[in-house]
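Residue-level listing of the chains:
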Amino acid sequence: MTLTTQRPRIGIIGTGAIGGFYGLMLARAGFDVHFLLRSEFAAVCRQGLRVDSQVHGPLLLAPVNAHRSVADMPPCDWLLVGAKSTSNADLAPLIAQAAAPGARIVLLQNGLGVEDQLRALLPETLHILGGLCFIAVYRQAPGVVVHQSGGAVNLGYHSGPASESAQRQAVVEEGAALLRAAGVDSQAMADLQQARWQKLVWNVPYNGLSVVLQAGTGALMNDPAVRELIVSLMNEVIQGAAACGHVLPEQYAQTLFSFTEKMPDYWPSMYLDYRERRPLELQAIYEAPLNAARAAGCDMPQVRMLYQALTFIDRRQRADVPAALA
(Lines give C-alpha, C1' and ligand atoms only; values in the text may rest on other atoms or scores of the structure.)
Protein backbone atom coordinates (compact mmCIF):
# COMPACT_ATOMS: atom_id res chain seq x y z
CA MET A 1 0.00 0.00 0.00
CA THR A 2 1.36 3.45 -0.88
CA LEU A 3 0.20 6.90 -0.01
CA THR A 4 -0.32 7.71 -3.67
CA THR A 5 -3.02 5.04 -4.24
CA GLN A 6 -4.95 4.83 -0.99
CA ARG A 7 -4.69 6.49 2.36
CA PRO A 8 -3.90 3.89 5.01
CA ARG A 9 -5.89 3.32 8.17
CA ILE A 10 -3.87 4.21 11.26
CA GLY A 11 -4.31 2.94 14.80
CA ILE A 12 -2.96 4.57 17.97
CA ILE A 13 -2.06 2.17 20.77
CA GLY A 14 -1.43 4.23 23.89
CA THR A 15 -3.27 7.53 23.51
CA GLY A 16 -1.26 9.54 26.01
CA ALA A 17 0.86 12.58 25.21
CA ILE A 18 2.82 11.03 22.34
CA GLY A 19 0.01 8.97 20.81
CA GLY A 20 -2.49 11.77 21.29
CA PHE A 21 -0.31 14.39 19.59
CA TYR A 22 0.71 12.38 16.54
CA GLY A 23 -2.71 10.77 16.18
CA LEU A 24 -4.42 14.15 16.21
CA MET A 25 -1.98 15.54 13.64
CA LEU A 26 -2.61 12.58 11.32
CA ALA A 27 -6.39 12.79 11.74
CA ARG A 28 -6.43 16.52 11.02
CA ALA A 29 -4.54 15.79 7.79
CA GLY A 30 -7.39 13.57 6.64
CA PHE A 31 -6.13 10.12 7.60
CA ASP A 32 -8.52 7.52 9.02
CA VAL A 33 -7.14 7.34 12.58
CA HIS A 34 -8.49 5.13 15.36
CA PHE A 35 -7.54 5.61 19.01
CA LEU A 36 -7.46 2.87 21.63
CA LEU A 37 -8.41 4.40 25.00
CA ARG A 38 -9.24 3.00 28.39
CA SER A 39 -9.42 5.34 31.38
CA GLU A 40 -9.84 8.42 29.14
CA PHE A 41 -12.44 6.89 26.80
CA ALA A 42 -15.47 8.69 28.27
CA ALA A 43 -13.71 12.06 28.45
CA VAL A 44 -12.48 11.88 24.85
CA CYS A 45 -15.90 10.79 23.56
CA ARG A 46 -17.48 13.70 25.41
CA GLN A 47 -15.04 16.53 24.68
CA GLY A 48 -12.79 15.31 21.89
CA LEU A 49 -9.00 15.25 21.87
CA ARG A 50 -7.25 18.58 22.42
CA VAL A 51 -3.64 19.62 21.94
CA ASP A 52 -2.59 23.00 23.32
CA SER A 53 0.45 23.57 21.12
CA GLN A 54 2.96 26.39 21.39
CA VAL A 55 4.00 25.51 17.83
CA HIS A 56 0.70 24.98 16.00
CA GLY A 57 -1.74 26.80 18.27
CA PRO A 58 -4.81 25.20 19.89
CA LEU A 59 -5.90 22.03 18.09
CA LEU A 60 -9.09 20.05 18.59
CA LEU A 61 -10.17 16.73 17.12
CA ALA A 62 -13.89 16.08 17.57
CA PRO A 63 -15.48 13.67 17.13
CA VAL A 64 -12.77 11.06 17.70
CA ASN A 65 -12.70 7.48 16.41
CA ALA A 66 -12.30 6.26 19.99
CA HIS A 67 -12.38 2.61 21.03
CA ARG A 68 -12.45 1.20 24.54
CA SER A 69 -11.48 -2.29 23.32
CA VAL A 70 -9.11 -3.39 20.58
CA ALA A 71 -11.83 -5.82 19.46
CA ASP A 72 -13.88 -2.79 18.37
CA MET A 73 -11.11 -1.35 16.18
CA PRO A 74 -10.98 -2.01 12.44
CA PRO A 75 -7.79 -3.65 11.09
CA CYS A 76 -5.11 -0.97 10.78
CA ASP A 77 -2.38 -0.70 8.14
CA TRP A 78 -0.15 1.32 10.49
CA LEU A 79 -0.08 1.10 14.27
CA LEU A 80 1.69 3.81 16.25
CA VAL A 81 2.55 2.57 19.73
CA GLY A 82 2.83 5.45 22.19
CA ALA A 83 2.65 3.38 25.40
CA LYS A 84 5.75 3.01 27.56
CA SER A 85 8.16 0.15 26.89
CA THR A 86 7.51 -1.23 30.39
CA SER A 87 4.16 -2.53 29.10
CA ASN A 88 5.34 -4.10 25.83
CA ALA A 89 4.61 -7.69 26.86
CA ASP A 90 0.99 -6.74 27.60
CA LEU A 91 0.70 -4.73 24.39
CA ALA A 92 1.68 -7.56 22.04
CA PRO A 93 -1.76 -9.26 21.94
CA LEU A 94 -3.46 -5.89 21.37
CA ILE A 95 -1.11 -5.05 18.52
CA ALA A 96 -1.57 -8.43 16.88
CA GLN A 97 -5.36 -8.11 17.05
CA ALA A 98 -5.48 -4.54 15.69
CA ALA A 99 -3.00 -5.12 12.86
CA ALA A 100 -4.13 -5.68 9.28
CA PRO A 101 -2.15 -8.28 7.29
CA GLY A 102 1.35 -6.95 6.66
CA ALA A 103 0.81 -3.95 8.93
CA ARG A 104 3.61 -1.61 9.94
CA ILE A 105 4.12 -1.28 13.71
CA VAL A 106 5.96 1.89 14.79
CA LEU A 107 7.27 1.95 18.37
CA LEU A 108 7.34 5.58 19.50
CA GLN A 109 9.36 4.62 22.56
CA ASN A 110 12.62 5.57 24.21
CA GLY A 111 15.60 3.34 24.83
CA LEU A 112 17.53 0.49 23.26
CA GLY A 113 16.19 -2.94 22.31
CA VAL A 114 12.49 -2.11 22.66
CA GLU A 115 11.75 -3.62 19.26
CA ASP A 116 13.42 -6.89 20.31
CA GLN A 117 10.94 -7.28 23.17
CA LEU A 118 7.97 -7.23 20.80
CA ARG A 119 9.50 -9.07 17.85
CA ALA A 120 9.39 -12.41 19.64
CA LEU A 121 5.73 -11.85 20.55
CA LEU A 122 4.36 -10.76 17.16
CA PRO A 123 3.78 -12.57 13.84
CA GLU A 124 6.70 -12.42 11.43
CA THR A 125 4.34 -11.03 8.80
CA LEU A 126 4.22 -7.70 10.63
CA HIS A 127 6.85 -5.03 9.99
CA ILE A 128 8.37 -3.49 13.12
CA LEU A 129 9.85 0.01 12.94
CA GLY A 130 11.39 2.23 15.58
CA GLY A 131 10.27 5.84 15.91
CA LEU A 132 12.49 8.41 17.63
CA CYS A 133 10.42 11.40 18.78
CA PHE A 134 12.15 14.74 19.34
CA ILE A 135 9.35 16.54 21.11
CA ALA A 136 8.47 18.22 24.41
CA VAL A 137 4.92 17.14 25.15
CA TYR A 138 2.92 16.02 28.16
CA ARG A 139 -0.61 15.00 29.14
CA GLN A 140 -2.30 17.73 31.18
CA ALA A 141 -5.72 16.10 31.76
CA PRO A 142 -7.88 13.37 30.23
CA GLY A 143 -7.95 14.09 26.50
CA VAL A 144 -5.76 17.20 26.86
CA VAL A 145 -2.13 17.31 25.70
CA VAL A 146 0.31 20.22 26.01
CA HIS A 147 2.90 20.53 23.22
CA GLN A 148 5.79 22.81 24.17
CA SER A 149 8.30 22.39 21.33
CA GLY A 150 9.71 20.08 18.67
CA GLY A 151 7.76 17.26 17.05
CA ALA A 152 10.09 15.54 14.58
CA VAL A 153 10.04 11.72 14.29
CA ASN A 154 12.92 9.75 12.78
CA LEU A 155 12.02 6.24 11.61
CA GLY A 156 14.12 3.12 11.12
CA TYR A 157 13.34 -0.47 10.13
CA HIS A 158 13.86 -3.22 12.68
CA SER A 159 12.46 -6.50 11.33
CA GLY A 160 9.71 -8.13 9.34
CA PRO A 161 8.93 -9.53 5.91
CA ALA A 162 11.01 -6.91 4.05
CA SER A 163 14.24 -8.88 3.66
CA GLU A 164 16.17 -6.66 1.23
CA SER A 165 17.63 -3.34 2.32
CA ALA A 166 15.84 -1.51 -0.50
CA GLN A 167 12.51 -2.98 0.60
CA ARG A 168 13.14 -2.01 4.19
CA GLN A 169 14.07 1.52 3.25
CA ALA A 170 10.93 1.79 1.11
CA VAL A 171 8.75 0.90 4.11
CA VAL A 172 10.53 3.50 6.24
CA GLU A 173 10.23 6.14 3.51
CA GLU A 174 6.51 5.38 3.30
CA GLY A 175 6.13 6.02 7.03
CA ALA A 176 8.15 9.23 6.90
CA ALA A 177 6.03 10.47 4.00
CA LEU A 178 2.86 9.70 5.95
CA LEU A 179 4.05 11.82 8.88
CA ARG A 180 5.22 14.65 6.64
CA ALA A 181 1.78 14.69 5.01
CA ALA A 182 0.46 15.45 8.51
CA GLY A 183 2.85 18.36 8.99
CA VAL A 184 5.33 16.39 11.10
CA ASP A 185 9.01 16.59 10.23
CA SER A 186 10.22 13.02 9.64
CA GLN A 187 13.37 11.38 8.29
CA ALA A 188 13.95 7.80 7.21
CA MET A 189 17.01 6.47 9.05
CA ALA A 190 19.11 3.78 7.40
CA ASP A 191 20.43 2.53 10.77
CA LEU A 192 17.83 2.24 13.52
CA GLN A 193 20.35 1.27 16.22
CA GLN A 194 22.47 4.34 15.53
CA ALA A 195 19.36 6.49 15.71
CA ARG A 196 18.44 4.98 19.07
CA TRP A 197 21.92 5.69 20.46
CA GLN A 198 21.57 9.28 19.24
CA LYS A 199 18.34 9.70 21.18
CA LEU A 200 19.97 8.18 24.28
CA VAL A 201 22.49 11.04 24.31
CA TRP A 202 19.58 13.25 25.45
CA ASN A 203 17.45 10.72 27.31
CA VAL A 204 20.14 9.34 29.62
CA PRO A 205 21.10 12.61 31.33
CA TYR A 206 17.85 14.57 31.31
CA ASN A 207 15.39 11.80 32.17
CA GLY A 208 17.46 10.42 35.02
CA LEU A 209 18.60 13.71 36.50
CA SER A 210 15.07 15.09 36.49
CA VAL A 211 14.10 12.28 38.89
CA VAL A 212 17.23 12.25 41.06
CA LEU A 213 17.39 16.06 41.37
CA GLN A 214 13.62 16.71 41.18
CA ALA A 215 14.11 19.38 38.53
CA GLY A 216 13.00 20.25 35.02
CA THR A 217 15.33 21.10 32.17
CA GLY A 218 15.35 24.80 33.02
CA ALA A 219 16.72 24.27 36.53
CA LEU A 220 19.15 21.57 35.34
CA MET A 221 20.59 23.85 32.67
CA ASN A 222 20.87 26.81 35.02
CA ASP A 223 23.21 25.07 37.47
CA PRO A 224 26.92 25.06 36.45
CA ALA A 225 27.73 21.80 38.22
CA VAL A 226 24.76 20.00 36.71
CA ARG A 227 25.59 21.37 33.25
CA GLU A 228 29.03 19.82 33.60
CA LEU A 229 27.50 16.51 34.69
CA ILE A 230 25.11 16.53 31.72
CA VAL A 231 28.01 16.97 29.29
CA SER A 232 29.94 14.14 30.97
CA LEU A 233 26.95 11.80 30.75
CA MET A 234 26.41 12.72 27.11
CA ASN A 235 30.05 12.01 26.29
CA GLU A 236 29.88 8.61 27.99
CA VAL A 237 26.86 7.64 25.90
CA ILE A 238 28.68 8.75 22.74
CA GLN A 239 31.66 6.59 23.74
CA GLY A 240 29.34 3.64 24.37
CA ALA A 241 27.73 4.11 20.97
CA ALA A 242 31.13 4.20 19.27
CA ALA A 243 32.19 0.98 21.04
CA CYS A 244 29.06 -0.65 19.62
CA GLY A 245 29.97 0.50 16.12
CA HIS A 246 27.80 3.62 15.95
CA VAL A 247 29.97 6.70 15.53
CA LEU A 248 27.76 9.73 16.11
CA PRO A 249 28.20 13.04 14.27
CA GLU A 250 30.82 15.45 15.56
CA GLN A 251 29.52 18.04 18.00
CA TYR A 252 26.32 16.01 18.39
CA ALA A 253 26.29 16.41 22.18
CA GLN A 254 26.80 20.16 21.87
CA THR A 255 23.95 20.36 19.37
CA LEU A 256 21.56 18.65 21.81
CA PHE A 257 22.88 20.73 24.70
CA SER A 258 22.28 23.98 22.80
CA PHE A 259 18.83 22.78 21.70
CA THR A 260 17.87 22.10 25.33
CA GLU A 261 19.07 25.53 26.43
CA LYS A 262 16.53 27.09 24.07
CA MET A 263 13.64 24.81 25.07
CA PRO A 264 10.88 25.94 27.42
CA ASP A 265 11.28 24.43 30.88
CA TYR A 266 10.34 20.77 30.41
CA TRP A 267 9.78 17.90 32.81
CA PRO A 268 10.95 14.72 31.02
CA SER A 269 8.70 11.68 30.77
CA MET A 270 10.63 9.72 33.40
CA TYR A 271 9.95 12.40 35.98
CA LEU A 272 6.23 12.32 35.09
CA ASP A 273 6.25 8.54 35.51
CA TYR A 274 7.93 8.96 38.90
CA ARG A 275 5.41 11.60 39.97
CA GLU A 276 2.50 9.36 38.96
CA ARG A 277 4.14 6.37 40.71
CA ARG A 278 4.48 4.41 37.47
CA PRO A 279 7.44 2.07 36.79
CA LEU A 280 10.46 3.90 35.38
CA GLU A 281 11.79 2.88 31.96
CA LEU A 282 15.14 1.83 33.39
CA GLN A 283 15.69 -1.32 31.36
CA ALA A 284 15.41 0.33 27.94
CA ILE A 285 17.07 3.67 28.70
CA TYR A 286 19.85 2.51 31.04
CA GLU A 287 20.28 -1.23 31.50
CA ALA A 288 20.23 -2.18 27.81
CA PRO A 289 22.79 0.43 26.65
CA LEU A 290 25.01 -0.24 29.67
CA ASN A 291 25.04 -3.95 28.87
CA ALA A 292 25.62 -3.37 25.16
CA ALA A 293 28.53 -1.01 25.81
CA ARG A 294 30.09 -3.33 28.41
CA ALA A 295 29.85 -6.28 26.00
CA ALA A 296 31.76 -4.13 23.50
CA GLY A 297 34.47 -3.39 26.09
CA CYS A 298 33.28 0.06 27.18
CA ASP A 299 32.20 0.93 30.70
CA MET A 300 30.07 4.02 31.36
CA PRO A 301 30.65 4.63 35.09
CA GLN A 302 28.66 7.83 35.48
CA VAL A 303 25.72 6.42 33.53
CA ARG A 304 25.91 3.29 35.70
CA MET A 305 25.87 5.38 38.88
CA LEU A 306 22.80 7.28 37.67
CA TYR A 307 21.12 3.97 36.82
CA GLN A 308 21.89 2.59 40.29
CA ALA A 309 20.40 5.66 41.96
CA LEU A 310 17.28 5.46 39.81
CA THR A 311 16.92 1.74 40.54
CA PHE A 312 16.92 2.50 44.27
CA ILE A 313 14.31 5.24 43.81
CA ASP A 314 12.12 3.03 41.62
CA ARG A 315 12.30 0.04 43.99
CA ARG A 316 11.53 2.12 47.06
CA GLN A 317 8.56 3.78 45.39
CA ARG A 318 7.14 0.52 44.09
CA ALA A 319 7.53 -1.02 47.54
CA ASP A 320 5.15 1.76 48.67
CA VAL A 321 7.10 2.67 51.80
CA PRO A 322 4.96 4.92 54.04
CA ALA A 323 5.93 8.58 53.74
CA ALA A 324 6.94 8.73 57.41
CA LEU A 325 9.52 6.01 56.83
CA ALA A 326 10.75 7.06 53.38
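Residues numbered from 1 in each chain as written. Predicted model: local features only at pLDDT ≥ 70, side-chain atom pairs only at ≥ 80, totals over all residues. Heavy atoms only, no water.

A. Representation of empty space enclosed by the protein in the model. Inspection of the entire model under this criterion finds two cavities of 30 Å³ or more. As a volume, the largest cavity reaches approximately 80 Å³. For the lining of the largest cavity, the elements supplying multiple residues, two or more each, are β6 (76–81), β9 (144–159) and α5 (165–181). Among the elements that line the lining of the largest cavity, the one with the most residues is α5, at three residues. Split by residue class, the lining of the largest cavity holds nine nonpolar, one polar and no charged. By volume, the second largest cavity is sized at about 40 Å³. Residue lining of the second largest cavity: Thr15, Gly16, Leu37, Glu40, Leu49, Arg139, Ala141, Gly143, Val144 and Val145, and that is the complete set. Of all the secondary-structure elements, those providing two or more residues to the lining of the second largest cavity are β8 (127–141) and β9. The residue inventory of the lining of the second largest cavity, partitioned by class, reads five nonpolar, three polar and two charged. (1 Å grid on protein atoms, 1.4 Å probe; cavity = no way out; pocket = protein on both sides within 12 Å on 5 of 7 lines; lining within 4 Å. Points joined across faces, edges and corners; volume = space filled by probe spheres on them. Helix = DSSP H or I, 4+ residues; strand = E, 2+ residues; numbered from the N terminus. Nonpolar A, V, L, I, M, F, W, Y, C, P; charged D, E, K, R; others polar.)

B. Focus on the pattern of salt bridges. Within this structure, the stated rule accounts for twelve salt bridges. The partner of Arg104 in a salt bridge is Glu174, and the shortest N-O contact between them spans 3.2 Å. Of the two residues, Arg104 is situated in strand β7 (residues 99–107) and Glu174 in helix α5; the sequence distance between them amounts to 70 residues. Judged by its relative accessible area of 15%, Arg104 falls in the buried class. (Salt bridge = Lys/Arg side-chain N within 4 Å of Asp/Glu carboxyl O. Buried < 20%, exposed > 50% of the residue type's maximum accessible area, 1.4 Å probe, protein only.)

C. Up close: the packing of aromatic side chains. What the rule picks out here adds up to five aromatic pairs. Ring centres of Phe21 and Tyr22 lie 4.9 Å apart, and the angle between their planes is 80°; on these two criteria the pair is classed as edge-to-face. The burial state of Phe21 is the same as that of Tyr22; both residues are buried. Plain terms: the ring middles of Trp267 and Tyr271 are 4.4 Å apart, the flat faces sit at 40° to each other, and that makes the pair tilted. Under the relative-accessibility criterion, Trp267 is labelled partly exposed at 31%. In this structure an aromatic cluster arises from ring pairing among Trp267, Tyr271 and Tyr274. Positioned over the ring face of Phe31 is Arg7, at 4.3 Å from the centre of the ring. (Phe/Tyr/Trp six-rings, centres within 6.5 Å; stacked < 30°, edge-to-face > 60°. Lys NZ or Arg CZ within 6 Å of the ring centre and 35° of its normal.)

D. Layout of the side chain of Thr260. Structurally, the position occupied by Thr260 is in helix α9 (residues 252–262). In contact with Thr260, other than residues within four places in its own chain, are Trp202, Tyr206, Thr217 and Met221. (Contact = heavy atoms within 4.5 Å.)

E. A look at the nonpolar core. Within the largest apolar cluster, 43 residues are counted, with the highest numbers of intra-cluster contacts made by Tyr206, Ile230, Met270, Tyr286 and Val303. Here this core gets eight residues from one element, more than from any other, and that element is helix α6 (residues 192–212). Ignoring sequence-local partners within four residues, the contact set of Tyr286 consists of Asn203, Val204, Asn207, Gly208, Met270, Val303, Leu306, Tyr307 and Leu310. Core analysis: the next-biggest nonpolar cluster, separate from the first, contains 41 residues, Ile10, Val137, Tyr157 and Val171 among them. (Core = buried A, V, L, I, M, F, W, Y, C linked by side-chain atoms within 4.5 Å.)

F. Up close: the packing of helix α11 (residues 282–295) against helix α12 (residues 301–318). Where α11 meets α12, the axes come as close as 10 Å, and the angle between the chain directions of the two elements is 145°. When you trace α11 past α12, the crossing you get is left-handed. From α11, Leu282, Tyr286, Glu287, Leu290 and Arg294 reach across to α12, where they touch Val303, Arg304, Leu306, Tyr307, Leu310, Thr311 and Asp314. For the contact of α11 with α12, a count of residues per class yields seven nonpolar, one polar and four charged. (Axes fitted to C-alpha atoms, helices over the stretch in contact; angles between N-to-C directions. Left-handed = near helix turned anticlockwise from the far one by under 90°.)

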